[in-house]
Each structure stands twice: as structure tokens, then as C-alpha cells.
Amino acid sequence: MSGRDDVFYQIGRVTAGGVPRRLVGVLGAVAVLVAAVVLFSVLPPLYAAGALLLVLAAATVTASVRVVQAYEKAALTVFGEYRGLLDPGLHVVPPFVSHTYAFDMRTQTLDVPKQEAITRDNSPVHADAVVYVRVMDAERAFLEIEDYRNATASLAQTTLRAVIGDMELDDTLSRRDTINQRIDDELAEPTDAWGVRIEGVEVQTVMPSQGVVSAMEQQASAERKRRAMILEAQGERQSAIETAQGDKQSDIIRAQGSKQSQILEAQGDAISTVLRAKSAESMGERAIVERGMEALEAIGRSPSTTFVIPQELTSLVGRYGKHLSGGVESGTGLESLDFDEETRELVGIDDYEADFVEGERQ
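Every chain's residues receive numbers from 1 upward, in the order its sequence appears when written. Per-residue local features are limited, in this predicted model, to residues with pLDDT of at least 70; the limit for side-chain atom pairs, both in listing and counting, is 80 or more; totals at the level of whole chains, interfaces and linings are taken over all residues. For side-chain calculations, the full set of non-hydrogen atoms in the structure is used, while hydrogens and water are omitted.

K.L.:
Please explain the nonpolar core as it appears in this structure.
P.N.:
A general trend in soluble globular proteins is that nonpolar side chains are found buried together. Definition used in this section: a nonpolar core is a set of buried Ala, Val, Leu, Ile, Met, Phe, Trp, Tyr and Cys residues joined via side-chain atoms within 4.5 Å. Between buried and exposed lies partly exposed: a residue is buried under 20% and exposed over 50% of the maximum accessible area for its type, with that area taken using a 1.4 Å probe on protein chains only. Formed by 33 residues in total, the largest nonpolar core has its most connected members in Phe103, Val131, Leu160 and Ile183. Elements are defined by DSSP. Helices are runs of H or I of four residues or more, strands are runs of E of two residues or more, and each kind is numbered from the N terminus. Only β6 (108–118), β7 (124–135), α4 (138–143), α5 (148–165), α7 (176–193) and β8 (196–208) provide two or more residues apiece to this core. The criterion used for residue contact is that any of the two residues' heavy atoms lie within 4.5 Å. In this view, leucine 160 contacts Val112, Gln115, Ala127, Asp128, Ala129, Ile179, Ile183 and Val203; residues no more than four positions away in its chain are not counted. Membership of the second largest hydrophobic core comes to 6 residues, among which are Val68, Leu76, Leu86 and Val93.

K.L.:
Teacher, can you tell me more about the pairing of β6 here?
P.N.:
In the case of a regular strand, side chains alternate between the two sheet surfaces. Bridge count between β6 and β7: 9 bridges; the pairing is antiparallel. Counterpart to alanine 117 in the pairing with β7 is valine 125. Should DSSP find at least two bridges between two strands, the strands are regarded as paired. Linking β6 back to β7 in an antiparallel pair, the connection comprises 5 residues, with asparagine 122 at a positive phi of about 60 degrees.

K.L.:
Could you clarify how one ought to interpret the side chain of serine 64 in this entry?
P.N.:
Looking at the secondary structure, you find serine 64 in helix α3 (residues 45–64). In protein, a polar contact requires one atom able to donate a hydrogen and another able to accept it; more generally it is a pair of N or O atoms within 3.5 Å, and residues adjacent in sequence count only if both atoms are side-chain atoms. A distance of 2.7 Å separates the side chain of serine 64 from the backbone oxygen of threonine 60, its partner in a polar contact. When near neighbours in sequence (up to four residues on either side) are disregarded, serine 64 contacts His91, Val92, Val93 and Pro95.

K.L.:
How should I be thinking about a nonpolar patch on the surface in this particular structure?
P.N.:
Among the surface-exposed residues, Val61, Val65, Val67, Leu90 and Val92 lie close enough to one another that they form a single nonpolar patch of about 500 Å² accessible area. Secondary-structure elements contributing two or more residues to the nonpolar patch are β1 (65–68) and β4 (89–92). Considering the arrangement of structural elements, one finds valine 65 in strand β1. Judged by its relative accessible area of 35%, valine 65 is partly exposed. Patch membership needs two things, relative accessible area over 30% and no salt bridge, and members are linked within 9 Å if like-charged or within 5 Å if nonpolar (Val, Leu, Ile, Met, Phe, Trp, Tyr). Shrake-Rupley sampling with a 1.4 Å probe provides the accessible areas, and residues are treated as covered by the protein chains on show and by no other component. Throughout this description, the term salt bridge denotes a Lys or Arg side-chain nitrogen within 4 Å of a carboxyl oxygen of Asp or Glu.

K.L.:
Got a minute to help me understand the sheet that holds β7 in this structure?
P.N.:
The strands that make up a sheet pair up through hydrogen bonds in the backbone, lying either parallel or antiparallel. Spatial ordering of the open sheet is given by β6-β7-β8, a layout of 3 strands whose pairing is antiparallel. Edge strands, defined here as strands with exactly one partner in the open sheet, are β6 and β8. Put simply, the sheet's adjacent strands are angled 20 degrees from each other on average, direction ignored. Docked against the sheet, α7 engages β7 and β8, running at close to 145 degrees with respect to β8. Fitted lines through C-alpha atoms serve as axes, helices being fitted only where they are in contact, and the angles separating the N-to-C directions of these axes extend from 0 to 180 degrees.

K.L.:
Mind showing me how you'd approach the sheet that holds strand β5 (residues 98–104) here?
P.N.:
Reading across the sheet, the 3 strands line up as β3-β2-β5 and stay open at both edges, with antiparallel pairing between neighbours. With one partner strand each, in any of the chains shown, β3 (81–86) and β5 form the two edges of the open sheet. Each neighbouring strand pair of the sheet contributes to a mean axis angle of 25 degrees, computed without reference to strand direction. Alignment of strand β2 (residues 72–78) against β3, held across 5 bridges, turns out to be antiparallel. Within the sheet, the bridge partner assigned to alanine 75 lies in β3 and is leucine 85.

K.L.:
Sorry, what's going on with the confidence of the model for the protein here?
P.N.:
Predicted coordinates in regions of low pLDDT should not be interpreted in detail. For the protein, mean pLDDT is 75; residues scoring 70 or higher make up 62% of the total. Summary of the metric used: pLDDT quantifies the predictor's per-residue confidence within the range 0 to 100. Note that residues 1–19 has pLDDT below 50 and, in this model, 9 contacts with residues that lie over four places away or in other chains. This model gives residues 326–337 a pLDDT under 50, and the stretch forms 19 contacts once residues within four places in sequence are excluded.

K.L.:
Looking at this structure, how should I read α5?
P.N.:
Structurally, the α-helix is built with 3.6 residues per turn, so residues lying three or four positions apart point the same way. To estimate the expected span of a helix, subtract one from its residue number and multiply by 1.5 Å. The first and last C-alpha atoms of α5 sit 25 Å apart over 18 residues, in line with the 26 Å expected at 1.5 Å per residue. Those residues of α5 that sit buried are Tyr148, Ala151, Thr152, Ala153, Ala156, Thr159, Leu160, Val163 and Ile164. N-capping of α5 is provided by aspartate 147, with a side-chain oxygen placed 3.2 Å from the backbone N of arginine 149.

K.L.:
Help me out: how do you make sense of the pattern of salt bridges in this one?
P.N.:
Two side chains of opposite charge can pair, provided their charged atoms sit close to one another. With the rule as written, the count across this model stands at 11 salt bridges. In this structure, glutamate 199 engages arginine 197 in a salt bridge whose closest nitrogen and oxygen atoms are separated by 2.8 Å. Ionic pairing is found between arginine 254 and aspartate 251, a salt bridge with its closest N-O pair at 2.2 Å. With arginine 254 and aspartate 251 both in helix α8 (residues 210–301), this residue pair falls 3 residues apart, about one helical turn. The partly exposed category is assigned to aspartate 251, whose relative accessible area is 41%.

Here it is in C-alpha cells:
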């Protein structure tokens, strides 16, 4: 037996006012007949008639008064004819022939049950949503649709399946806002004709099937491993580059140091060689001059009148005689034009000059 055939469900509809008014009228008539039979069987006819009148008066007052809550509007019908909407407050309506249907004017929440849908790339997913609706025109909600709540929930359910079926799996998982907006747009036109406005749609869950979830987990794991390998390779590459650059810079510095050392060593050797050469040249000439002077002194002291002078000694005497005579005439002393100051100091030309001046005086 379905839920709508259950006795308690029907009693609940009676107490909630959701049952057809014809049934309520029949039940009321039966109740009045039963009460009349009981009263006339127990009480005298006069008292029974008075009691029956009191019961009818109470039933009439009860049927004539309608209370509409502050958040509601009620549609009124008399003999099945629509007479208008009742605003919040106390209203008196024709008894026994009037019916009211209350509409909650607040924002209401409609649950879209979880259902299975197939995405465009043939991936099954389970999705559910919540729809926020509000009655904007109670007259159209009463006249244009039997049950706007069930109609809106069913329409949202089919629209959710259609929207998911038009999207890829990755889009359904990452683009919730797009799904919400598309469902809202699809529901706007038909619900507007019912006097209902969709104030929002929120997709609560989009869950792929277990097989798809396992495949996605494997894909995510493989992607993480790939990224880790790429990062590791990039790190090793950067490390190798840094190491090579460091080795290159070290080799350059060592080569520059070696080159500078060789240059300095060569310059030192060159300077040393030049100094040695200058020193040897100066010392050799000084020794030759001293020997030549000694030879000339010996010749001067010899009693012989015939002398054989080597050519080298002659040139030496002429060379230094020229310098000597030039220095004496100019008064500058013995000065070698072939030696700089450093060489003159190394050779000791100034000392020879003093010797020649002393020998001339003698």
C-alpha cells in the first residue's frame, strides 16, 4: 500500500485542510445527523431541538471565520467559484459553501532528491540540489498549477539531469556555479507562469560512481608523481648548472692566477737578467779600465821608449780620454753618455773619474 493510501495520511490531510472540501461537507452532515438522533433519543423534543440549534450555530460560526496568518495569503472560493485573495487577519466568509486555500508567501526550500545522471563523456554521477522558491502571485499559484511545490521540485530534478548530461565530468565537479545558473535560468520561465519565483539553486553534491572515483584517484596519484619527477629533474638540472658554473669560474680564476704568476715570474726573470747583464757589463768595463789604467801607469814608469799597445787598450783609452777631455773642458767631470744613472752607480764611473783626475795632477 502506498503512502497516499494510508489511513493516517488521509487523516492528516483532513486535519491539514488538504482533503477535498466535499469530503469535509459529507463528514459534517453525518456528524450533525448523529448528534440529532442522539439528542432526540435522550432529551425531550424541545430540549433536543434547542441543543441541535446550538450545535448548528457553533458549526456555522466556526465555518464562517477564517484566520489568515501574517506570512500567508488565502484564496477564497464560494460554491467552487474563485472570489479573490484574503490578506492576513480575521475574515468572515459564507459558511459551509466557502473554501480557502492558504499560500505561504515566505521563501521556501525544496529538496531535489539524489539521482543518477550521465555526463557528456559517459561518466555516471549522483547529484542532488536545493531550490529556493517564493510565491509572488498567490492567485496564479492557485489557478495555474495544482501543487507548485511538487511541480517545481520535479522540474528542477529533470533540469539537473539535463544540465549534467550536457557537461563533461570535470566541469560538473569544478563548475558548480555554472550548473546553478543554468538550472535557475531553465526554471525561471515556467515557474514565472505559476506565480513562483526561483530565488536560488544550489547543487549540494556531485559524486561520480565508485569506479570513476578510483580512476580519478589513480590519475591524481600519477599526476602528483609526474610533477614530483619533473621537480626533481629540474632540481638536478639546476644543481648541475650551478656546479658547472662554479667549476668554470674556479677554472677561470685558477687560469688567471697562473697567468698572472707566469707574467710576474717572467717579468722578474727579465728584470733580473737585465740587471745581471748591466751589472756584468759595468763590472767588466770597470775591470778593463782599471787594468788599462794599471798598464798605462806601468808603461809610464818604464824606462823603455818603445811600447806596443793593443788595439783594445787604444780604443779604451781613446774612449775614456774623449770623455775625460770633454768633462775637463766643460768642468762637469768624467761622465759616460752610454750609461744611465742606475748603470753609472752599478759600474762606478764616478770613482774612475776621480782616479783619472788624480792621475792627471800627478
